Amino acid sequence: METKIKIFETGTSDGIMSKNPKFYPENYTEDQIKEEFLITRLNIGKKFGFNGKKILQALQKTDTNKLDYPDGTYHLITDEDINNDDLWYVEIPADILIIEEKHKNIVVGNQMADCPILIVEDRKQGITALSHCGAPYINRELPFQTAEALIKNFNSEADNLYVYIGSNSKKESYIYDKYPAWATNNKVWDNNITNNNGKYTIDMESAIIRQLNELNINNITISPYDTVTSPLYYSHSAFVKGNIDKKGQNFVGFFYK
């Protein structure tokens with residue numbers, strides 16, 4: 001089956017996809033940041049073929065924002081969600097966003113700087129789910145929950161699901177000097193965290209694929225780009241290790257054409 005969506009990724013050539021003040025000059029006001037960020041989004045929209053004001057992303061719970069919802073919570077995009085001038089400021093607390101084909105040219109995506117974005121498209125029914133799958137979210141089986149949301153709630157069949165795993169920190173670059181504290185799910189990380197002479201390599205892609213295979217999903221495409229080493233992408237990991245050119249955020253998303 002042919003895809004009905006267009007997937008895109010932004011990077012260092014597109015500008016920083018964030019309005020976090022840490023990415024802007026210290027003397028910038030909030031209004032100046034918003035204005036510059038809007039220009040970045042509009043330019044990206046022109047590049048990929050959508051309106052830069054029509055971008056939705058989930059407000060995902062973290063250790064710091066204290067949001068409280070059940071793991072794997074999904075939200076199906078409604079007319080009310082997109083009835084705003086600038087969708088960037090629409091807050092949707094959830095792990096997973098799902099959008100139907102009837103909502104043309106509305107972008108669903110997420111910011112990232114090393115973590116993989118997971119896109120699961122049901123090509124037969126015309127419905128697609130997206131989630132931001134950093135390692136702690138993979139640990140609590142968000143990739144499984146993302147695909148399961150379509151199968152369980154929208155009657156998707158595994159053979160009709162096509163998956164894209166976005167650019168991320170590959171196992172060659174994602175290395176800890178001790179076993180990571182967030183890796184508490186042995187089923188997820190068995191053989192996906194490897195101790196090499198005291199250095200622990202983290203294979204997020206393999207951990208994601210294992211969860212998808214549990215649902216008999218085999219139509220999987222993986223971006224070949226390592227955000228840590230590729231000059232095309234910003235990378236939090238590379239930045240904290242001293243590469244100042246890597247300071248920023250990318251964005252991975254899709255829209256129905």
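Criteria and thresholds
- Residues numbered from 1 in each chain as written.
- Predicted model: local features only at pLDDT ≥ 70, side-chain atom pairs only at ≥ 80, totals over all residues.
- Heavy atoms only, no water.
- Buried < 20%, exposed > 50% of the residue type's maximum accessible area, 1.4 Å probe, protein only.
- Helix = DSSP H or I, 4+ residues; strand = E, 2+ residues; numbered from the N terminus.
- Pairing = 2+ DSSP bridges.
- Arc of directions from axis to C-beta.
- Polar contact = N/O pair within 3.5 Å; in protein donor to acceptor, adjacent residues only side chain to side chain.
- Axes fitted to C-alpha atoms, helices over the stretch in contact; angles between N-to-C directions.
- Contact = heavy atoms within 4.5 Å.

Undergrad: Teacher, can you tell me more about the pairing of strand β7 (residues 127–132) here?
TA: Every other side chain in a regular strand lies on the same face of the sheet, so the side chains alternate between the two faces. Burial runs high along β7: six of the six residues are buried. Of the two faces of β7, both are covered, the one formed by I127, A129 and S131 as well as the one formed by T128, L130 and H132. Both strand β4 (residues 96–100) and β7 contribute to a ladder of five bridges, which runs antiparallel. Pairing of E100 across the sheet is with I127, part of β7. Relative to β7, strand β6 (residues 117–122) runs antiparallel, the two being bridged by six bridges. Its bridge partner being in β7, V120 is matched across the sheet by A129.

Undergrad: Before we go on, may I ask you to explain helix α5 (residues 204–214) in this structure?
TA: An α-helical segment advances 3.6 residues per turn. Residues three or four places apart therefore align on the same side. Residues M204, E205, A207, I208, Q211 and L212 constitute the buried set of α5. Along the long axis of α5, the arc covered by the buried residues comes to 165°, so they all point the same way. Capping of α5 at its N-terminal end is provided by D203; its side-chain oxygen lies 3.4 Å from the backbone amide nitrogen of E205. Once α5 ends, the next one or two residues include N216, with phi positive near 65°.

Undergrad: Mind showing me how you'd approach the sheet that holds β4 here?
TA: Each strand in a sheet pairs with another by means of backbone hydrogen bonds, the pair being arranged parallel or else antiparallel. Reading across from one edge, β3-β4-β7-β6-β8-β12 is the order of the six strands in this open sheet, with mixed pairing throughout. Edge positions in the sheet fall to β3 (74–76) and β12 (219–222), since each of these pairs with one other strand and no more. Taking the axes of each pair of neighbouring strands and ignoring which way they run, one obtains an average angle of 20° across the sheet. Bridge analysis of β3 against β4 gives three bridges, and the strand direction is parallel. By the bridge assignment, Y74 is partnered in β4 with I96. Lying on the sheet, helix α3 (residues 142–154) is in contact with β3, β4, β6, β7 and β8 (161–165); it crosses β7 at an angle near 155°. Strands β6, β8 and β12 of the sheet are contacted by α5, whose axis makes an angle of about 170° with β12.

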